[in-house]
Amino acid sequence: DAGVIQSPRHEVTEMGQEVTLRCKPISGHNSLFWYRQTMMRGLELLIYFNNNVPIDDSGMPEDRFSAKMPNASFSTLKIQPSEPRDSAVYFCASTLSSHEQYFGPGTRLTVT
Amino acid sequence: QKEVEQNSGPLSVPEGAIASLNCTYSDRVSQSFFWYRQYSGKSPELIMSIYSNGDKEDGRFTAQLNKASQYVSLLIRDSQPSDSATYLCAVLYGQNFVFGPGTRLSVLP
């Protein structure tokens, strides 16, 4: 099993640019989670999907952030426009029926 | 507000000793609890899950759950320098995983 796949692994962009992060969950998993991790705030849940449907997006910091899951094997997290305070590591994780959660390698985003 | 609390550490133990990591949570309804290990610059890695009161052992790791007191702990026996990492406690509230801030463990050779 390839595990959760995320791309890109590193992203450096300028303030105001659009950023799109991608995630492929483990095959057969029915829930997908997007997290953001910083030294100051730790691991924060942004949004999660169950069977491709967004269930809770209360962690999305503001309207600049959006997430989609068009099918069971792909999700995107988009930031438009990006700001320096969005710099963080973004993790995607998947699980089967709310059991053990498995994380992808993360995308390290730097906004200058 | 669903909360999960941990001591941030660092917790330092000598090689071969037992490391004890603790976690408390705010909601008695929670039924599922997890421990993750995160090395610097890497993603969290699941090491233990526990769902019922008592102890659960897996190799050098033992998870302990006490729902009445709302705490879950992780014991690492015969600690090794390779165990040095941040340990995250996670609690499942409904379908939402809430993570604690993590405890940084340092095992000294």
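Residues numbered from 1 in each chain as written. Chains lettered and ligands numbered in written order. Predicted model: local features only at pLDDT ≥ 70, side-chain atom pairs only at ≥ 80, totals over all residues. Heavy atoms only, no water.

(A) Fine view of the sheet that holds strand β7 (residues 65-71) of chain A. Residues and elements named next belong to chain A. Strand order in this open sheet of four strands is β1-β3-β8-β7, and the pairing throughout is antiparallel. Edge positions in the sheet fall to β1 (5-7) and β7, since each has one partner strand and no second. Neighbour-to-neighbour, the strand axes of this sheet turn through a mean angle of 15°, independent of strand direction. The pairing of β1 with strand β3 (residues 19-24) spans three bridges and is antiparallel. Paired with S7 across the two strands is R22, which belongs to β3. (Pairing = 2+ DSSP bridges. Helix = DSSP H or I, 4+ residues; strand = E, 2+ residues; numbered from the N terminus. Axes fitted to C-alpha atoms, helices over the stretch in contact; angles between N-to-C directions.)

(B) Here's a closer look at the interface of chain B and chain A. Facing 17 residues of chain B, the contacting portion of chain A comprises 19 residues. At the junction of chain B and chain A, the tally comes to zero salt bridges. Counting every contact that joins chain B to chain A gives five residue pairs in polar contact (both at pLDDT 80 or more). Secondary-structure elements contributing two or more residues to the side of chain B that touches chain A are β4 (32-38), β5 (45-50), β9 (85-93) and β10 (96-99) of chain B. In terms of residue class, the side of chain B that touches chain A is made up of nine nonpolar, seven polar and one charged. (Contact = heavy atoms within 4.5 Å. Salt bridge = Lys/Arg side-chain N within 4 Å of Asp/Glu carboxyl O. Polar contact = N/O pair within 3.5 Å; in protein donor to acceptor, adjacent residues only side chain to side chain. Nonpolar A, V, L, I, M, F, W, Y, C, P; charged D, E, K, R; others polar.)

(C) Quick peek at the nonpolar core. Ranked by internal contacts, the top residues of the largest apolar core, which has 25 residues, are W35, V72, L74, I76 and Y87 of chain B. Broken down by element, the residue count for this core peaks at five residues, all from β9 of chain B. For Y87 of chain B, the residues in contact, after removing those within four places along its chain, are Q6, L21, W35, Y36, R37, I47, L74, I76, G102, T103 and L105 of chain B. Counting residues in hydrophobic clusters, the runner-up holds 21 residues, among them C23, F65, M69 and I79 of chain A. (Core = buried A, V, L, I, M, F, W, Y, C linked by side-chain atoms within 4.5 Å. Buried < 20%, exposed > 50% of the residue type's maximum accessible area, 1.4 Å probe, protein only.)

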